[in-house]
Each structure stands twice: as C-alpha cells, then as structure tokens.
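Secondary and tertiary structure notes
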Amino acid sequence: MAPQTRKAAIVGGNRIPFARANGAYARAGNQDMLTATLDGLVARFGLQGRTVGEVAAGAVLKHSRDFNLTRESVLGSRLSAATPAYDVQQACGTGLETAVLVANKIALGQIESGIAGGVDTASDAPIAVNEDLRRTLISLGSARTVQQRLKALSGVRPGQLLPEVPRNVEPRTGLSMGEHAAITAKEWEIGREEQDALALRSHQNLAAAYGRGFFDDLVTPFLGLTRDDNLRPDTSLEKLATLRPVFGAGGSATMTAGNSTPLTDGASAVLLASDEWAAARDLPVLAHLVDAQTAAVDHVHGGEGLLMAPVHAVPVLLARNGLTLQDFDFYEVHEAFASTVLATLKAWENPAYCKERLGLDAPLGPIDRSRLNVHGSSLATGHPFAATGGRIVATLAKTLSEAGPGKRGLISICAAGGQGVVAILES
Amino acid sequence: MSDWYRDFANSGVGTTITRQLGLPRPAVLRRYEPGQPLLPGPALVGSAGEGRLRDVVTGVLTAAGVRADGGRDDERLSAVVLDATGLTGPAQLAAAHELLAPAVRRLGPSARVLVLAEPPADAATVAQAAARQALEGLVRSVAKELRHGATANLVLVPAGAEAALAGPLRFFLSGRSAYVDGQVLTLTAAEVPAGDDPDRPLAGRVAVVTGAARGIGAAIARVLARDGAHVVAVDVPAAGESLAQVANAVGGTAVALDITAADAGPRLARQLQARHGGLDVVVHNAGITRDKLLVNMDADRWNAVMAVNLQAQLDVTQALLDADGVLRSGARVVSVSSQSGIAGNRGQTNYAASKAGIIGMVRAWASEFAGRGATINAVAPGFIVTEMTATMPLGTREVGSRINSLQQGGLPVDVAETIAWLAQPGSAGVNGQVVRVCGQSVLGA
C-alpha cells in the first residue's frame, strides 16, 4: 500500500455558461451539458483519446434513465473510452465532493489524474408518475392472469394521472430551501440591505472578471450562450430594493429573487492530477487541494438551520490544519442565498454560538470581506446545484494561481439535507 | 459546399449543353490526399538555353516515382517543366514555344505547366532581363488557355537558390496547389533541412492558427494536423464552442483569446512556452469584415477591421519575436491577406487597406526573419466558397466564382494547403512572398 500521501494538483477547469432555467439550455439534458463540458476540458488540455484515472460527477435532479450519467457522458466525449467513471450525489455539495474524492485517490497514489464535475438542469427535470399509479403499474407488470391484470387495472384512479414533479423541498420538513433560509435569516437578524449589497457585489465582481478575460480559460460557450445569463452587470442597490420578498412571511421578510439564486442549468468540470502527471504533459498546476471536511446538522429536530452545516465543518478543518479563519487570502462561500453567506459569517463571529454549538473556546472571528467571492458567486452566476462546486474549485484555483505561490483559499458550500462540504486550496 | 454548375457541366447532358452554348466548363480539380502520387502520369522536362536546374527537377520527379521521360506520344502528360534558367536573350524564347506548344496539346486533366527561370532583376544584360520578363507574359497567358483544371506557374530561382527549389517544385506539381494558377514565385537562397516525410512534413511541429473556430481557419487547422503538426487553435472566447470542436477534431489544443487584447501576444507566448516548449508555425488567419462605402464608413468599422486584421498581427508577431526562445529556429509565419488587398474592392476600403498592409508587413519583415533562419509569407485568397459566400446573392456569387481561369470558386482547403506548404521546413527558400490562391482571378491580375 501507499503509506505516503501527496497533495492533488488542480490543473484547470471548464464549465459551460450557466443559464437560467427554461432559457438557453431548455432543450439540453444533463448528459448533453456534461459531455460538452468534458469536451471543452479535453480541448483546453489536449486530452483527445487520453485515459484519465477516473471521472467523478453527478447531478441532483436526475432522470432514472441517467443511472450511469457520468460514464455515458465520458463515452460521448473525446476522452478515451477506457476512462472509468461514476456518479456522486450529495445535493449542492456534489461538485466539491467529487473533487475531494478524486483528489483523495490521487493523494493515495491510486490514480494519477482525474476529472471531477457536476451538472444540473432545472429545465429538463425528471417528472415521475404518481406514486399510487407507479404501484399499480408494478402490480400490473407482475400480474400473470387476465383476472390479476384486470384487478390491477381497476386500481387506477383519475387523480393518479397527476405526475410527481420534483420540488425544491426538504422531505422531512416540507419547507422549501428558501423558507428554511428565511428562518435562519430571521434568527440571525440578517437585514435586507446587507443581503442586497452582497448580491450587488457578486454581480459586479462577476462582470469585472468577465470584462478582463478571467473566464477565457475557464468557460466554453454552449448552445450560443457565451456568458452566464443570470449576470446583471448594470444592477444597483436601488433596483434590488424594488424587488418583493419571496421567502419568509410578513413585513419582516427580506429574501427576494435578487438576493436568492434562481433555478439554473449548467455543468462544470475540474482536471486534477499528481504533480508528476501534470509536469510530464507540460500542464500547469494552478493550486493544490490541501484538505477537506464535511459536516451535517439536524435541521429537523436539532434547532439548527438547514444550510448551517459548513459553519460546523470549517472549525474542524481549521483545527486539523493548524489554521485560523484569518489565515486565508481568498474565501469562496457559496451564495445559495445572500442571507446564508451573511449568517455563516455572523455565526463564526458570535462567541456564544461558537462556544455552545461549535464547542470552541473563542469565536473564529471576522474575515476580510474584500477577499470574499472576488470573482462573483452563485447569486450572479446562478446555481445549477451539482455544477457549483466545480465552478468554485476552478475559479478559486485560478485566483490563487494569479495571486502567486503560497496563497491559500477556503471553500464553503452548503447543501440540502443539512449538509456542508468545505475545503482548503493552496497555490 | 457543392458547386452545382460545375457538377452540371460535368454531367452527360450538361457536357453537351455547355459545349454547344459555349458556356464555361469548370473542371473537378485534382486535390491532394495523403498517399496520393505527386503526379498521376508522366512528366516532360525541357529547357530553353543551357539550364542548370534539370538535375534538381528530374531528381524530385524520380524520387516521387514520376516518369520524367515525357511518356509515349499517345500518353497524356501530367506535367511539363521548362527550365529557362539558361536564357540569354529573346531568341531562345523560341525554344520555350517549341517545347510547350505540342506538350500543352497532350496535357491531361489538372496537369501542371511549370516554368523555372532566374529573376529579371538579376540579369547580366538588358536582353536577358527582357527575355526573363517575357516568361511572365507567356506563363500568365498559357494559364488562361489551359483547360480541364490544368494550371501554369512561374518560379524564379536566383543563382545559389537551387537547393530551395525541391519543396516549391513538389507543391506546384502536386494536388496541393490545385487553385494556385498564373502565379510568379521568387525564391531566395536558404539552407533547407533534408528529409521531410512527404506525407507528414510538419511532424513534431507546433502550429498556432488564429480564427480557427470555423471556415478557412478550421480548414487550416485540419490540414496542418493532417501534415503532422500539433495545432493550437485560437479564436475569440465567444467562438469557444466551435473552437473546442475543431481542436478536438484535430487532436489539438483550444485557446480562447481575443488577439486584439493588449496582452494577447505575451499571453500566447507564455502559454506556448509553458505548454509546448515553443512554437514553429504561426498562421495569422483571424479577420473580420465591416463593409461600407468609404463615405458612409464610421470610425468604429474602420478601427475594428484595422485592429483585428492588421494591428493584432503586428503585435502578436512582435511579441513572439521578443519572447525569448518561443519562436523556434526554422519558424514559419504565414498571414492571410486577400485578393481585395491586391485589387481593391468596392465597399471594402478598410478591409482592403488592412489586407494590403499585411503584404507590406511580410515584405518588410522578411530579411529579419531570414536572419533567424525563419520565413514570413502571405497568402491572398480569391473567391473561396465558405458559409460567408453562401449568403451572397446568386448572381454576385456565380459571377464572383467564375471570373478566373479555373472558372470556379476555390475551397477553404485550397488556402489551407498553400499555407501548410509555406509552413513546411522545405519552404525555407520562400520568404517575403505573397502567394495568391485565386485560380488566376481577373481581379488585380
């Protein structure tokens, strides 16, 4: 076995521009988008016909026919058909989790290279038959006699013809993610203005990054779309202030379509490798994946917010690496909602919360906000669930690489089911 | 894209009709495919005066397995090569007539007439200069008389440049030069590396192609890759989707880059150095049109065309020259000019100016490149059938595509083949030249 581990290098990434649901990619499925994203990565790094150690990717909203989504996408791509692949599904944590999985195999010497990715479509979402009808159809399928068949069919009721549409709802609470976030926002007293300000900065930062060509080697246009179409370069606090709250109840509701992420279609991929593999092919090393941590909270009975798990994961990760929250040059906190980012930061600054909930002697403290999401995040790009992790890993790796060697970045991504995935990158 | 008229004229009933009506009868041109023989049939080699290139010519023909004995009297000739380097005065031109007249009668389809001479400017006497210059009139006229896809070209070989002839000779005889007709190419003395694999002359070379996402650029990428090069395909970020498809189709690398950006040259140089250890071939193909009559043209149209078509070529080339060790020895730069840059074109003052500027650029840079053992040349496409020409009105398109000696539009691959030839190590003696790929267009001739 390999007793020694090494840090996996992030060579580069590729994604297609993210599109608001039912827009530019309305007719594209997950496999189309993931295949195109892999092909863009192949073209950027000259991987035509090459075999990489593995491709790990996934989707949150997935058709049952896509049971082997990643492998099928590899087969449709210009990668060698000898490249193994598997699907991962951890809600919005999927993209970062795949990067961690691939990086860990590289760290252990089990593979020399791999691609991590994710894709999601809210436009081409799977629609299932009604649960009662499904049971009826299954009994019909197993019926052997005419009598049994007739009996099974007699169970069909008109109401069963209504299909089951996937909803952005927590199965155990019946609340949407936005409603959960609104509870947390209220609990942490996150104001409307600071949410709108964070959203504005996300749009401004993303627009500036596009303007200076930062995404030239991170994005490949798809189906005529060349930039994330959720980006509003000309939005303003005044415009954001006019939007009506959509989550939360009463006059105190603060969460609008402007400071929440929209349903989005898109895909992303990241090429990881050992330093040796990259050097042998004259490929760049933007950064290394240093360490990662996942955590989960009990949002059903535990009195913790649905999207607060990263708050718990980060101190564990910091302690293991002997770092403080202030030891980072860049922070990438996924903007599921502006209020989520703000609640996360506020929680880390709160002595009572850090002591009681996180078991820390002292709060993690504040961060330098000018280092947060410097090239925009999900509020501006949109958030195709499983594709967000790959977007953030590639964006942060390039950000660190541009800043020079020895720079450090922290990624924090919240996920449905009360989970969170966090990681450290270093150039 | 199909040429419906050419296909019709070559059909059974079409042959009869076009012949009786005296309509143009464009031929299906012999185009290069890997493994294809240099010439399908025998060649006739002759000379006017005491030529000095006969050995080079028969050497190239023999090495390619071509019979250089002129074949039997009843056999179609695939090429006739006239060595006119021994001309001393007009009297000896009679020998040219004597050789060519019966030979042209025997030419097969897509045959080649190639005349080799010395540059008039190097002549020892006025009579010699006159005789050498006379060849240009002869070649340009015979090119107009030839039928069935045959072409005629003149190569001027100064004393001392004999070693540089083999590569150009092979190009003009082969199917690679299908749409190059009625042209005069002047060689210069240069050290030519030995032993190209004729089927993969660019093996191991790294080639950058700008504007590679579609059209002629994509064809250039395909031909360079076919000839063995690793292609770095460059285009604007917005064209990234088709750029990736081109790069993947040719096993190359896609680089999304706006070549007019201030740091485009250094960025490209850094990437080529880091990822490929340098580069051997640069094809400046990216270009845009913003047509308007001069009186109606605003500054934006003028400036955009200049920035992309000319200034970016100057800047990127300079950046590559300046970047230490990026441009490897024996480097080849090929710029895509245009017939408009030679003949001018109504509504294209900006475009024609930029494309003429390219010609000035390669001529001015040639000696510096020669000093590095490198070359810089331009190709000037004529009417090339692309997605862009497909949107032209039928009448304009038909006239545009027929007013040349081959009576048809060229294909993107014809431009690409000429560029790939200029990119070869064996083209060391072609420098500062403008090669028209226009089927001997009447425009600007």
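The model shown is predicted, which means the values in this text are computed figures rather than measured ones. (Residues numbered from 1 in each chain as written. Chains lettered and ligands numbered in written order. Predicted model: local features only at pLDDT ≥ 70, side-chain atom pairs only at ≥ 80, totals over all residues.)

Moving on: helix 11 (residues 338-349) of chain A. Given a rise of 1.5 Å per residue, 12 residues ought to cover 16 Å, and the 17 Å separating the end C-alpha atoms of helix 11 of chain A matches this to within 8%. With respect to burial, helix 11 of chain A is a largely interior element, 10 of its 12 residues being buried. (Helix = DSSP H or I, 4+ residues; strand = E, 2+ residues; numbered from the N terminus. Expected span 1.5 Å × (residues − 1). Buried ≥ 20, exposed ≤ 12 C-beta atoms within 10 Å, placed from the backbone.)

The next thing to look at is the packing of helix 1 (residues 30-45) of chain A against helix 8 (residues 240-249) of chain B. Where helix 1 of chain A meets helix 8 of chain B, the axes come as close as 9 Å, and the angle between the chain directions of the two elements is 60°. The angle between helix 1 of chain A and helix 8 of chain B falls in the class oblique. Judged by the sense of rotation from one axis to the other, the crossing of helix 1 of chain A with helix 8 of chain B is left-handed. Residue-level contacts link A:Asp39, A:Gly40, A:Val42 and A:Ala43 of helix 1 of chain A to B:Ala244, B:Ala247 and B:Asn248 of helix 8 of chain B. Here the residues of the contact of helix 1 of chain A with helix 8 of chain B are counted per class, giving four nonpolar, two polar and one charged. (Axes fitted to C-alpha atoms, helices over the stretch in contact; angles between N-to-C directions. Parallel < 35°, antiparallel > 145°, perpendicular 65-115°, else oblique. Left-handed = near helix turned anticlockwise from the far one by under 90°. Contact = placed C-beta atoms within 7 Å. Nonpolar A, V, L, I, M, F, W, Y, C, P; charged D, E, K, R; others polar.)

The two faces of a sheet get side chains in turn, since along a regular strand they alternate between them. Residue and element names in this part refer to chain A. Within strand 8 (residues 264-273), 10 of the 10 residues are buried, which leaves the element mostly enclosed by the surrounding structure. Both faces of strand 8 are covered, namely the face carrying Thr 264, Gly 266, Ser 268, Val 270 and Leu 272 and the face carrying Asp 265, Ala 267, Ala 269, Leu 271 and Ala 273. With two bridges joining them, strand 2 (residues 19-20) and strand 8 adopt antiparallel strand pairing. Among the inter-strand pairings, Ala 19 is bridged to a residue of strand 8, identified as Asp 265. Of the strand pairs in this sheet, strand 5 (residues 113-120) and strand 8 are connected by eight bridges, and their pairing is antiparallel. Bridge pairing links Ser 113 to Ala 273 in strand 8. (Pairing = 2+ DSSP bridges.)

Another aspect to go through is the pairing of strand 3 (residues 107-117) of chain B. Residues and elements named next belong to chain B. For strand 3, a buried count of nine out of 11 residues is recorded, marking the element as mostly surrounded by other parts of the structure. Relative to strand 3, strand 2 (residues 77-86) runs parallel, the two being bridged by six bridges. In the strand pairing of strand 3, Val 80 is matched with Val 113. Traced from strand 2 through helix 4 (residues 93-105) to strand 3, the parallel crossover comes out right-handed. The pairing of strand 3 with strand 4 (residues 151-156) spans six bridges and is parallel. For Leu 116, the partnering residue across the bridge sits in strand 4 and is Val 155. (Right-handed = clockwise from strand over helix to strand, strands pointing away.)

Taken by themselves, the reported measurements are silent on function.
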